[in-house]
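Per-entry structural report
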Amino acid sequence: MALSLLLIYGEKSKMREILMKTRPQDLDSILENYPRRPQHLIGVLQDVQAAFNYISPEHLARICDHVGVPVTQAWSVATFYKSFSLEPRGEHSIKVCLGTTCHLKGGERLAEACERDLGIERGQTTADQRFSLDTVKCVGACAEAPVVMVDEDYLGRASISSLKKEFKRR
Amino acid sequence: MNAKKESKKPPKDNLVHFSIDGRRVQAQPDWTILETARAHRLHIPTLCFHPAIHPWGSCRLCVVETRLNDKVEVTASCLTKPVAGLEVLTHSSRVMNVRRWVLEMLLAECPASREIKELAAQYGVTSTRFAILDPEEECLKCGRCVAVCHEVVGVQALTFGSRGVAKKLETPYRVPNNACIGCGCCVSVCPTGALQARLDTVRGDLSRRTGHGFAH
Amino acid sequence: MKKIKNTAGLQTLRQTLLEAQDPEMPVVRVCLGPGCLALGAEKVARAFKSAVRNKKIKARVQPLIKGTGCHGFCSQGTLVSLSPANLFYVRVKPEDVAEIVATSLEQGRTVERLLYSDNGARYRSAAEIPFYRAQQKIILKNVGIIDPLDINDALMAGGYQSLAKVLTEMSPEEVLKTVEVSGLRGRGGGGFPTGYKWRRAADNARENPGPVYVIANGEEGDPGAFMDRSIMEGDPHKVIEGMIIGAYALGANQGYLFVRHEYPLAIHHFSIALRQARNRGLLGKNILGSGFDFDLQINRGAGAYVCGEETAIIASLEGRAGEPRTRPPYPAQEGLWGRPTVINNVETWANVPHIMEKGADWYTGLGVPHSTGTKIFSLVGKVKNTGLVEVPMGISLGALVEGIGGGVPGQTHFKAVQTGGPSGGIIPYELKEIFTDYHYHPEEFIAAKKEISVDFDSMAQTGSIMGGGGMIVMDDHDCVVDVARYFLRFLEEESCGKCLPCRLGLKGMLEFLNRFARGQGSPEDIDALESLGQALVDGSLCGLGRAAPNPVLTSIRFFRDEYLAHIVDHKCPAGVCRDLISYQIDPETCNGCGLCAQECPEACITGKKKKLFTIGQEACIRCGVCQDVCPVQAVQVA
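As a starting point, this report considers the structure included with it. All figures in this text were calculated on a predicted structure; none of them were measured in a lab.

This paragraph deals with the overall build of chain A. Helix and strand counts for chain A come out as nine helices and four strands. Intrachain contacts of chain A at a sequence separation of at least 6 include 58% that bridge at least 24 residues. Carbon together with sulfur atoms contributes 51% to the accessible area of chain A, which is approximately 7100 Å² in total.

What follows is the structure in structure tokens.
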């Protein structure tokens, strides 16, 4: 309950702090939360991705040992789903929405402008590890199209200039 | 019409009586349409079906048109079990449309495969309108090798990575895999011979091989 | 939080809670739906809260500030409603909060400038606004009213009353029968009869005893659709209640909430709702003292559109890559861990408590025969009133888009509606006039309406589907070739790649459309594309591939002229397809500010300050930045 109140009060940094505390930060405590069964593979991978921003080869091997699946199965799962990354991601994630409405209202142009501005292509991370650029298929805020998500914030009716400002601010 | 005949003379066995291309055929209760056709020496083309493994239904060349009362469907014969009175058409226009397009696209996907060229030619497909990305490619990602390694050999040395158009046959981190016992089953079931050339990307160092599915 | 021991305890608790309410206490409801959040609703809520916290309000009773789910009228966000004054403020900015506090909360007067106004009329309350007036809110009744993070709020609004009724008065068979008679159909897109699905699973479980599972499909992947999201965020208890009732009917003891990972707020709200329901004894062992056990678990999707397909959800829950498998066997026969499983969409589950409460007859009275009840649509795109609407099935397309949606803004024309997301189609506006084939509808219905009716069967007849409820309005400036290409690109990325027609076919169809968008190809290629589309419809393994050609096939069917314009005349009538357009600066309008030259990534715009600027066409990559930044709209598409 306290967590949601903080959200309403907008004390995001505090909320993140609490989340970080409640969310285990090392692999052992993540694994402890899950019984040793293959069906928990995706759950463990999600927690590891959230805690470490990516899934390293060492972690993948230990996860497989824990839930009891061959590395090949974990590999096919980790490469199939879009939310997993096998390489380190940037500090801030920028997700340009390319849902239908955002597409009609110029989302593709925004994505290209981000690529030019950050000097990377979608799916990549800047050399200084500050930003990762991705496109997503609809974040469900279509009424405010085009939308860009920077970390957990929604930027509605985004434009090239408002994005540039946002990048500088971070 | 069929129903009438059957009501007059009910079959005494527990076989499923239906027809393929107008010919009356009988199937054991757990047979699929494809198995029944093969038992009656009727040809239905397929690239991914193999008797040693569970049908996977990925190549869709074995599609047939089925008719029962008013219901007309196009389904994969390797996965569909027949019901009594079913009419199966293996060469209807809808079926041929699927096969021709799949074969034309395969010509662009696996341009190096002799087997696919021959099969396509049988269906009158000799050229492709689609872009060829890798002229050396033979693998159509049918899944036979992955299935045989898992289901028959009992190890999972190779798998599919990524999804959709990026889907690739690979091992974790694309390095040779010590789970591989070097049995060569994957090579023998491959419909195009694509694995012959890439076996060394799967099997690892012989001296470190454990033969255990969980080895890393 | 005390556990409720039996149904009598539930009524007592509700009574106590209601009596504790001060009817005079002002309640401020701030919409924290996705649309309003993108416009800074959080800051508005914070401003209200801090006003209360710092006791800045000089009123007899201190108001209660509630953050609620989506109010629906997203284009007017941030939305704030005040009760009991029954005021509805739109476009509220954080700096307006002080005025609302001073005027409305302290003096009880209205802030006129924050009321919704249209065509000169001002509307004080939400119910008077045309956008809301034509709606019939049943599933969304509590969304935007209750605080989704407080179970007591849900209980006061009548939450879990249907569950109490079912557990004490109805047998599992009666529940099943009621759902069957109600005619409820799956809201996820396919429109499969829910009662039939449940009956099959129940029969299979009887023949083959063992565990049964229920799953809520919250993997709402269709771009342009956010109905499920707003239910999950705004009234999670309704979904949970529906699932408990379903589980009771089917004899299931374990259920799964499968929620898309792009919806972190929905996951958060569900986890709090589950914890509170468990603490209240509404979930877990011996629910309300009935002896029935049922628990729910949240599973986050890992980012794959194909996981909206039921067999792919099962694969994902079992810890595998989300590749669909062939059906039959259906999940109702062999689902999760090989056991009978019922998978329903979130909105479908949310319908169940209402059907149990008011009965199947009441439900069949809503909507039209064969498509009963209401449906939630997300009305977005080139329409004035964007947002979430709930209407009875069978409403005419014109009434939905022009009546509730308020038509297309600006000088452009309503061209088409895209429904059903990537599996749906593009329906031209003219069709609302000529499409009158209502073979399911009674005579008087036909006489009353000559427009296309929005229900499962009528939509299917156009070649589109109703789908999850995304309704994207397109105008003259939207190119159908481009939209069809957009959906193919989307699906190509989301295809699991298992079967060849889908994996290779989508890539192949895209190659055709890319050629068209460049003005290449021949009219015969359009026929070839149609035939390839048919091969995908017939040959693909799962619903994704079988429905994937729909946007292309319907757009060819209704807009062949526009395809021909690209191929034969090398023109994009809507001015969208990049290779067929050029950007020009209108010498009349250009004010010579030079912003375009500054922002041009190719530095191909030249000119002097205060004089006319021109675009060098050879170097121009047609990125459109100049058009976006021009303060006087001098950059035009030619």
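Following the criterion strictly, the structure yields 21 aromatic pairs over all chains and no others. Each ring, one from Tyr81 of chain A and one from Phe84 of chain A, has its centre 6.2 Å from the other, and the planes form 90°; the classification is edge-to-face. Between Phe73 of chain C and Tyr132 of chain C, the ring centres sit 5.8 Å apart and the planes meet at 85°, which makes this aromatic pair edge-to-face. One end of the pair, Phe73 of chain C, is in the loop between β2 (64-68) and β3 (80-83); the other, Tyr132 of chain C, is in helix α5 (residues 130-133), with 59 residues separating them in the sequence. Tyr132 of chain C gets classed as buried once you look at its relative accessible area, which sits at 12%. Counting every residue linked through ring pairs, the aromatic cluster contains Phe73, Phe88, Tyr116, Tyr123, Phe131 and Tyr132 of chain C. Of note, Arg163 of chain B hangs over the ring of Phe80 of chain A, and the distance from its end group to the ring centre comes to 5.7 Å. One cation-aromatic arrangement involves Lys375 of chain C over Phe377 of chain C; the distance from NZ or CZ to the ring centre is 5.8 Å.

Let us look at the pairing of strand β7 (residues 213-218) of chain C. Residues and elements named next belong to chain C. Judged by how many residues are buried, β7 sits mostly within the fold: six of six residues are covered. Burial along β7 is two-sided: Tyr213, Ile215 and Asn217 and Val214, Ala216 and Gly218, pointing in opposite directions, are all buried. Of the pairings in the sheet, the one linking β7 to strand β8 (residues 254-259) comprises six bridges and is parallel in character. Looking across to β8, one finds that Ala216 is bridged to Leu257. Sheet topology note: the β7/strand β10 (residues 341-345) ladder contains five bridges and is parallel. Bridge pairing in β10 links Val214 to Val342.

So, how was this worked out
Residues numbered from 1 in each chain as written. Chains lettered and ligands numbered in written order. Predicted model: local features only at pLDDT ≥ 70, side-chain atom pairs only at ≥ 80, totals over all residues. Heavy atoms only, no water. Helix = DSSP H or I, 4+ residues; strand = E, 2+ residues; numbered from the N terminus. Contact = heavy atoms within 4.5 Å. Areas by Shrake-Rupley, 256 points an atom, 1.4 Å probe, with all protein chains shown as cover. Phe/Tyr/Trp six-rings, centres within 6.5 Å; stacked < 30°, edge-to-face > 60°. Buried < 20%, exposed > 50% of the residue type's maximum accessible area, 1.4 Å probe, protein only. Lys NZ or Arg CZ within 6 Å of the ring centre and 35° of its normal. Pairing = 2+ DSSP bridges.

Keep in mind these numbers describe shape, not what the thing actually does.
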